[in-house]
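Examination of the molecular architecture
The residues making up each chain are set out below.
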Amino acid sequence: MTIPNSEGFFPPESCLPRAPAEEKDIIMELIRSSEASIKEGDLYYLVSHRWWMEWQEYVDLDQSDDNSNEGIFCIPRRPGEIDNSNLLLNESVVEGNELDLKRSLQEGEDYSLVPQDAWKKLLEWYRGGPELPRKVISEGFITKKFNVEVYPLCLQLVDGRDKSQRTLKISRMASVRELYNMVCMLLELEKEKVSIWDYYNKTKHQFLNNFDQTLEEAQLLMDQEVLLEVQDDKLWPSNVSMSSAGNELALVPLEPSRSSVTIAGGPMLSNSYSTGFRSNFLEGGNFSSSQRDTEDRDDVLNNGIKVDGQGLTGLHNLGNTCFMNSALQCLVHTPPLVDYFLQDYSEEINKENPLGMQGELAIVFGELLRKLWSSGRTSVAPRAFKAKLARFAPQFSGYNQHDSQELLAFLLDGLHEDLNRVRSKPYIEAKDADGRPDDEFAEECWQNHKARNDSIIVDVCQGQYKSTLVCPVCSKVSVTFDPFMYLSLPLPSTATRTITVTVFSGDGSSLPMPFTVTVPKNGCCKDLIQALNTASCLKHTEALVLAEVYGNRIYRYLENSFESLSNIKDEEHIVAYRLPIHHEKLLRLEILHRRAEGFLSEPRYSAHLKLLGTPLVTTLSVDSRTGVDIHAAVLSVLAPLLRANALTWSHGDKSSRDSGSGPSLDSIVLSDNGIQCSEETLSTSDMELEEVHNSIPDIQLALADGKVISRSTVDVDYTVPVSRLKVVMNWSDREHEIYDFSFLEDLPEVFKSGFMSKKTRQEAITLYSCLEAFIKEEPLGPDDMWYCPRCKEHRQATKKLDLWRLPDILVVHLKRFSYSRFMKNKLDTFVNFPVHNLDLSKYVGHRESASSSLVYELYAISNHYGGLGGGHYSAFAKLLEEDSWFHFDDSHVSPVNENEIKKSAAYVLFYQRVGVESKMDVRETGISPDSSNF
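All residue numbers here refer to positions counted from 1 along the written sequence of the relevant chain. Residue-level local features of this predicted model are given only where pLDDT is at least 70; pairs of side-chain atoms are given and counted only at 80 or more, and the full residue set underlies all totals for whole chains, interfaces and linings. By convention in this description, side-chain values take in all heavy atoms of the structure and omit both hydrogens and water.

Describing the overall build of the chain
Within the chain, the regular secondary structure consists of 19 helices and 42 strands. Out of the 934 residues in the chain, the part that is buried amounts to 52%. Contact criterion: two residues are considered in contact whenever any of their non-hydrogen atoms come within 4.5 Å of each other. A sequence separation of at least 24 residues applies to 74% of the contacts in the chain between residues at least 6 apart. Only DSSP runs of H or I with at least four residues qualify as helices, and only runs of E with at least two residues qualify as strands; both kinds are numbered from the N terminus onward. Using a 1.4 Å probe on the protein chains alone, a residue whose accessible area is under 20% of its type maximum counts as buried, one over 50% counts as exposed, and one in between counts as partly exposed.

Structural notes on the state of the cysteines
What counts as a disulfide here is a pair of cysteine sulfur atoms lying within 2.5 Å. All told, the structure shown has 0 disulfides when counted by the stated rule. The thiol of Cys471 is unpaired, and the distance to the nearest cysteine sulfur, on Cys474, comes to 3.6 Å. Overall, Cys471 belongs to the buried group, its relative accessible area being 2%. Just so you know, Cys788 is unpaired, no disulfide at all, and the nearest cysteine sulfur is the one on Cys474, 3.5 Å from it.

What to know about helix H3 (residues 116-126)
For H3, every residue scored as buried is listed here: Ala118, Trp119, Leu122, Leu123, Trp125 and Tyr126. Looking down the long axis of H3, one finds its buried residues gathered within 165° of arc, a one-sided arrangement. In this structure, the buried side of H3 is in contact with helix H1 (20-36), strand E1 (43-48), helix H2 (49-58), strand E2 (82-83), strand E3 (111-115) and strand E4 (128-129). A positive backbone phi angle near 60° is found at Arg127, which sits one or two residues after H3. When we speak of the arc, we mean the arc of directions from the helix axis to the C-beta atoms.

What to know about the confidence of the model for the chain
Confidence scores per residue from the predictor, reported as pLDDT, run from 0 to 100. Confidence in the prediction for the chain averages 76 pLDDT; 72% of positions are at 70 or higher. Confidence drops under pLDDT 50 across residues 648-696; counting only partners more than four residues distant or on other chains, this segment forms 66 contacts. Below a pLDDT of 50 lies the segment residues 711-717, which in the model reaches 13 contacts outside its immediate sequence neighbourhood of four places, other chains included.

What to know about the nonpolar core
Of all hydrophobic cores here, the largest spans 61 residues; its most connected members are Phe341, Phe365, Phe385, Leu389, Phe410, Leu411 and Phe910. With near-sequence residues (within four places) excluded, Phe410 lies in contact with Met357, Leu361, Leu389, Phe392, Ala393 and Phe396. The set of buried Ala, Val, Leu, Ile, Met, Phe, Trp, Tyr and Cys residues whose side-chain atoms join them within 4.5 Å is what this entry labels a nonpolar core. Counting 46 residues, the second largest nonpolar core, distinct from the first, contains Leu87, Leu105, Tyr151 and Leu221.

As for unusual backbone geometry
For the bond running from Gly129 to Pro130, omega is 0°, close enough to zero to count as cis. You will see that Asn320, though not glycine, has its phi angle at about 60°, which is positive. Structurally, the position occupied by Asn320 is in the loop between strand E11 (314-315) and helix H6 (322-332). For Asn320, a relative accessible area of 26% translates into the label partly exposed. Located in the positive-phi region is Lys792, a residue other than glycine, with phi close to 60°. In this fold, Lys792 is placed in the loop between strand E30 (786-788) and strand E31 (793-795).

Concerning the side chain of Asn863
In this structure, Asn863 sits in strand E38 (residues 855-865). Exposure remark for Asn863: the relative accessible area of 0% places this residue in the buried category. Setting aside its immediate chain neighbours within four residues, Asn863 contacts Ser326, His872, Tyr873, Ser874, Ala875, Phe876, Ala905, Ala906 and Tyr907.

Description of the sheet that holds strand E29 (residues 778-779)
One open sheet holds the 4 strands; their spatial order is E14-E13-E32-E29, and the pairing between them is antiparallel. Strands at the two margins of the open sheet, each flanked by one partner only, are strand E14 (477-484) and E29. Pairing between strands is defined by DSSP: at least two bridges between the two strands are required. Across 8 bridges, the pairing between strand E13 (residues 463-470) and E14 is antiparallel. By the bridge assignment for E14, Leu469 is matched with Ser478.

Some thoughts on the pairing of strand E21 (residues 587-595)
In terms of burial, E21 is largely enclosed, as 8 of its 9 residues are buried. Sheet topology note: the E21/strand E22 (residues 611-620) ladder contains 7 bridges and is antiparallel. In the sheet register, Ile591 faces E22, and the bridge partner there is Leu616. Here E21 pairs with strand E27 (residues 724-731) via 8 bridges, running parallel. Among the inter-strand pairings, Ile591 is bridged to a residue of E27, identified as Val727.

A closer look at the side chain of His416
Topologically, His416 is positioned in helix H10 (residues 404-418). The residues contacting His416, other than those within four sequence positions of it, are Asn453, Asp454, Ser455, Ile457 and Val458.

Quick look at the packing of aromatic side chains
Any pair of Phe, Tyr and Trp rings, taking the six-membered ring for Trp, is counted once the centres come within 6.5 Å. Such a pair is stacked with planes under 30 degrees apart, edge-to-face with planes over 60 apart, and tilted for the rest. Tallied over the entire structure, the rule returns 22 aromatic pairs. Taking 5.7 Å as the distance between ring centres and 75° as the angle between the ring planes, the aromatic pair formed by Phe441 and Phe481 counts as edge-to-face. Of the two residues, Phe441 is situated in helix H11 (residues 438-452) and Phe481 in strand E14; the sequence distance between them amounts to 40 residues. For the pair formed by Phe441 and Phe481, the shared burial category is buried. Taken together through their ring pairs, the aromatic side chains of Tyr340, Phe341, Tyr345 and Phe365 make up a single cluster. Lysine NZ or arginine CZ positioned within 6 Å of the ring centre and within 35 degrees of the ring normal marks a charge as sitting over the ring. Here Lys191 stacks its cationic end above the ring of Phe211, 5.1 Å away from the centre of that ring. Lying over the aromatic face of Trp197, Lys204 brings its terminal NZ or CZ to 4.0 Å of the ring centre.

Quick notes on the pairing of strand E19 (residues 553-557)
Burial of E19 is extensive: 4 of the 5 residues sit out of reach of the surface. Both strand E18 (residues 542-550) and E19 contribute to a ladder of 4 bridges, which runs antiparallel. Looking across to E19, one finds that Glu548 is bridged to Arg556. The turn linking E18 back onto E19 is made up of 2 residues, and Gly551 within it adopts a positive phi angle of 65°.

Overview of the sheet that holds strand E17 (residues 513-520)
Spatially, the 5 strands line up as an open sheet ordered E17-E16-E20-E18-E19, and their pairing is mixed. A strand with exactly one partner marks an edge of an open sheet, and here the two such strands are E17 and E19. Between one strand axis and the next, the sheet turns by 45° as a mean value, whatever way the strands run. For strand E16 (residues 496-505) and strand E20 (residues 573-580), the ladder comprises 5 bridges, and the chain directions are parallel. The partner of Val503 across the bridge, within E20, is Ala576. Packed onto the sheet, helix H13 (residues 525-535) meets E16, E17, E18 and E20 and runs at close to 130° relative to E17. To get an axis, a line is fitted to the C-alpha atoms, and for a helix only the part in contact is used. The angle between two axes follows their N-to-C directions and goes from 0 to 180 degrees.

Quick notes on the packing of H1 against H3
Running from amino to carboxyl end, H1 crosses H3 at an angle of 155°, the nearest separation of the two axes being 8 Å. If you check the angle between H1 and H3, you find them roughly antiparallel. Facing H1, whose interface residues are Glu23, Ile26, Ile27, Leu30 and Ile31, H3 presents Asp117, Ala118, Lys121, Leu122, Trp125 and Tyr126. Orientation labels follow simple angle bins: below 35 degrees gives roughly parallel, above 145 gives roughly antiparallel, 65 to 115 gives roughly perpendicular, and whatever is left gives oblique.

Take a look at the structure:
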């Protein structure tokens, strides 16, 4: 019979509920099929992440990852209509049949993406909406990558005839030709009479006439203006030159080129400097000016304060590009890189390196650095750099926030490959130390590395560390010496927190007992278990299993010993069960509790049963899985809860028991060590089994296959076919008279405000303590097993890192971000780092010469403020010649006192070795970095 919905209407057949498993199989197959044949132009649809998670819970999509429900039959709640309204602007306006999304939505937090076929099926079943389709685009030059363009390019079309303005939405991977077609169709114009200009910042830049170029390659940005000019009877175009710059090349057709960049700064027209260097640089080369950066004046934002000092130029935020601006400001204020890129580096560009980017990254970076070190600027728009970055690193394309350290890692590696002096890398077979001294083996490894990698980046930014692995079984020691570009230092756990956990016996040997222990604030579950082991006097034959209790059932087991304790919140309820040490090989039995009322009306276990109390957990041997075994195990684990007056019933006369005046407890006796079987229970007579059966509360066992074992089936030899199951016990007044249920109620929270609320002292974290944590010996994680060549097996070896050789420029990454299956986290802990005299002599195993310094001075910081998936980046950088610090916040540059640069936002630190002097002062050479004439 069809049931009307909440509004009283009968839904169509397609909207009728399906079995969750059926929905899951259909949708997952459609998703797998779409992903296997994905291509450019395919449609994906945005769906509210909130609704998508409800649907996943409904179909139990994570069942394979969470076995806590194994052996039970659950009926979760079916989600309602699809509701994507939370993704739209409050007053969403339709532009080209497309609804406006809120800006800065995050995939996996605000929305999820499903392919078209899966969306249509979900819409058929659930209705709702609105539909938010997005196209798949292909990005990347070296490696193609398919991405869903959630935010298409939004352009403001300014009509030069009447200065009217309208919004266009078009893919950033669309061609200039497609832009012309869209404008001509929209305004009913003839293409031959139309001219479109890059009108960024209301200034005419580049004439868009390379019709095969993509809009991203043309450096068009989100929300920027483009200018439309239409031919009339008067002279057309109205302004051939680019604004007042007098660029005679504005209307010269530009041929498309694979290497569409200029080199070493391009044709600089400001300050009356000639372009002779560029002309000489390109002589005999294949470089083209078809895609050039906007020049000097074109990149200046006139809304800033004029600054005359070199190196004090800001970077315009092009739409969530503060992460890029922060990283770039740190790099362009690195003295050896400034010296290098202000000189002629053309001969070192490696266009043949298959691991590089044909030199284009080094070229566009060098051009940008020169502009930032020219005088008389306020702020530069790094449009050419962003376009090149999107081309070679599509993970940084679009307008989402990214990680400045990840960008730094890409830039350093990319610049190295583009400037690698080794044109043909030799094959070098890796060798083992074979007992040789560390000095000899480390030098051999370094020279082998230099034989394949030789660039300015290797010269100044690369060091070497020693890695030691020890097999825990055969004690095999493996030593390697590997290069590093930066150090990623963990933040040690110096603060503690108190956690209250209630420990339950799995064999009925003791009452539940809460324990409050102190653990490292940023520790893992292993630390919590070790603290509980000591507090509860755990036997060597026992092991603790942690679990979170929610809604009177076990929500999840915390069985990953490396899971962060930050995943455990203060308001949660955590329990621990004392089980045999090899409990993984046994059948785990969970015992849940509910009131006896309504028992017959609900013959199966349901996720919506009104449960009470705290679940109990015990184990059964592999050969003891019958209904009788299960009932006996329940009786044993309940024994500590027996009330005192219940003991007299077990020794009363048989007639009183037969008359039903009390439970039959002949099978158990209390001892000092807890519950043990009496000698009488060794008998397996039918009478004694019946007495055991009648003495405990009514139990209902429901399996996933629908099989139900209750009192009537206790003597049936039915073997449980699973490794984990649950039983539901019904508690009537009679059971409450026998057992003290209060021990299973009112679990304490992990941390109660006001209870033991004395604040733990936050110990100082220094950069040195981070280094200590970095070189600390620790076991490899379960997912990073090491193959022992002696054992011929994968082992969880111990690993120790030591610094061996340090570079002139030391980049230190503070690992503030952590990710787990359950959550993402950022540590805002303040790290006290030295600005002067960072002495690393005690941490380094090798010194190249007696005169080489191991003391460093800070010169730049990349800062991150706020939380994950957003926040804001800025940078502090020091002008060494002036001995002054400045704050670079996108286009805004301001002086800052040295005593103000130490903040908890510090994310990446840049140090220079003391004694390494800058080879060139751009103000003393008479050579302007804005000119390419050297």
